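Each chain, written out:
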Amino acid sequence: MSRKLITGFFGVNNLGDDIMLDAFYKRLQKKEEVSLLRLYAGGGTDTPIKTQNISMFPHGKSVLISHFFSRVYDGFYWIGGTCMTDSAGDGACGYMNSFNHRGKRIGYVGIGINEIHNQERKKAYRDILDKANLVTLRDDKSYQIAKELTSNPNIFLTEDLVYLSNEIVRPSPEDRAPKLLVAWRSLRGYCSEIVESKALDTLAALIAAKDEYEEIIVSPLGNQVDDEPNRKLYSKLSGQVRNVSFVDLQSYKQKIDLICSSTTVITGRLHAIFIAEWNNINTVAIGYDTKVKSFLESVNRTEDLVYPETLTSETIENALLAEHKALTADNWKDRQDKSIQNVLLFEEMI
């Protein structure tokens, strides 16, 4: 029996990645052939997949992968998320090379790629994309970047893996009390502390001045880096409004429930934006890199985009007042049909 090892930014309580892992795994025909390699500490996973957990080791992961996992498993694949960046994720290039050096298959499924300016990383990505047996990209921008880096024919444009989830698109409740959800995405590494702090102050003042929400919830929907700015925002609001609460959820299904029960969502987390927009919830999307803009362009809702540097009461209000043609179940089905290609190509290539 063939044995494949998958990995990603899993097990750190990150909404989008938790949804992608579960949705991808549920669609596989031969689940018994696939195991998860957990690289990152911080939480757990809701997906009942066989797991090799090395997240507890601060050092030595490269040795384990090079001398054990690359011997035992027939292939190694990164699943979902923006995994190739200038300064954050690097697509686990070193680990991929360990498998490639043994003649094992490697690949990336349903990923995003940021604009790359770091020449050293660009060289590493070009090399690993040249070697990959399969690369599927979730958006046109990432696809174009990949095609500029390599002429590998095994590169395909698909759709975001989150479209495979059956948990997201729901009937709209007829009578919902006005409820605001704010889920700030930490901007560390994307803008200065001064810009982020000013944006949080402006947002807190705007929310405090409004008197239209029966409930205001502040919640970190991402990994642990989101905790600090959201607690700061909650602290600012709790001294000014009476109906605000701080909610910290672990289950991705509970997070989806929270988003879908809201009438307005303000967030910088890509897949929180995704869920809110697809449920036609009034949304303000805080942009910090190309992926937020790419998604909003794909659903014709760029009016909802506000950047931290230009976040003012006026720009937030403009986004809140933007009117859109409703996204429908048929629209969703079209995207899901493209997303299923991630799974079909993965199963075909391996």
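Residues numbered from 1 in each chain as written. Predicted model: local features only at pLDDT ≥ 70, side-chain atom pairs only at ≥ 80, totals over all residues. Heavy atoms only, no water.

1. Some remarks on the sheet that holds strand E11 (residues 264–267)
Here six strands make up an open sheet; going across it, the order is E10-E9-E8-E11-E12-E13 and the pairing parallel. Sheet topology places strand E10 (244–246) and strand E13 (305–306) at the edges, where each strand pairs with a single neighbour. Lying over the sheet, helix H9 (residues 270–278) contacts E11 and strand E12 (282–286), oriented at roughly 160° with respect to E12. (Pairing = 2+ DSSP bridges. Helix = DSSP H or I, 4+ residues; strand = E, 2+ residues; numbered from the N terminus. Contact = heavy atoms within 4.5 Å. Axes fitted to C-alpha atoms, helices over the stretch in contact; angles between N-to-C directions.)

2. Looking at the sheet that holds strand E2 (residues 34–38)
An order of E3-E2-E1-E4-E5-E6-E7 is seen for the seven strands of this open sheet, with the pairing classed as parallel. Across the chains shown, the open sheet's two edge strands, defined by having one partner strand only, are strand E3 (51–53) and strand E7 (155–157). Adjacent strand axes in the sheet meet at a mean angle of 20°, parallel and antiparallel pairs treated alike. Here four bridges tie strand E1 (residues 4–7) to strand E4 (residues 75–84), and the two strands are oriented parallel to one another. Considered in E4, the bridge of lysine 4 is made with glycine 75. Across the sheet, helix H1 (residues 15–27) is in contact with E1, E2, E4 and strand E5 (105–113); its angle to E4 comes to roughly 145°.

3. Focus on a nonpolar patch on the surface
Judged by side-chain polarity, Met56, Phe57 and Leu64 come together as a nonpolar surface patch covering roughly 260 Å² of accessible area. Its location among the elements puts phenylalanine 57 in the loop between E3 and helix H2 (61–72). (Patch = residues over 30% accessible without salt bridge, like charges linked within 9 Å, V, L, I, M, F, W, Y side chains within 5 Å. Areas by Shrake-Rupley, 256 points an atom, 1.4 Å probe, with all protein chains shown as cover. Salt bridge = Lys/Arg side-chain N within 4 Å of Asp/Glu carboxyl O.)

4. Digging into the environment of leucine 181
Note on placement: leucine 181 falls in strand E8 (residues 179–183). Since its relative accessible area comes to 0%, leucine 181 is described here as buried. Separated by 83 residues in the primary sequence, leucine 181 and threonine 264 place their C-alpha atoms 6.3 Å from one another. Filtering out sequence-adjacent residues up to four positions away, leucine 181 remains in contact with Ile217, Ser219, Leu221, Leu258, Ile259, Ser262, Thr264, Val265 and Ile266. (Buried < 20%, exposed > 50% of the residue type's maximum accessible area, 1.4 Å probe, protein only.)

5. A word on unusual backbone geometry
Residue alanine 92 is not a glycine yet carries a positive backbone phi of 50°. Secondary-structure assignment places alanine 92 in the loop between E4 and helix H3 (93–101). On the basis of relative accessible area, alanine 92 is assigned to the buried category, the value being 6%.

6. Details of the pairing of E1
Alternating positions in E1 separate into two faces, Lys4 and Ile6 on one and Leu5 and Thr7 on the other, with burial throughout. Across three bridges, the pairing between E1 and E2 is parallel. Bridge assignment links lysine 4 to a residue of E2, and that residue is valine 34. One crossover worth recording links E1 to the parallel E2 by way of H1, and it is right-handed. (Right-handed = clockwise from strand over helix to strand, strands pointing away.)

7. A look at the side chain of arginine 269
By the secondary structure assignment, arginine 269 is in the loop between E11 and H9. In this structure arginine 269 comes out as buried when scored by relative accessible area, which is 10%. One polar contact links arginine 269 to asparagine 14, side chain to side chain, over a distance of 3.3 Å. Residue contacts for arginine 269: discarding those within four places in its chain leaves Asn14, Ala183, Arg185, Gly222, Asn223, Val225 and Asp226. (Polar contact = N/O pair within 3.5 Å; in protein donor to acceptor, adjacent residues only side chain to side chain.)

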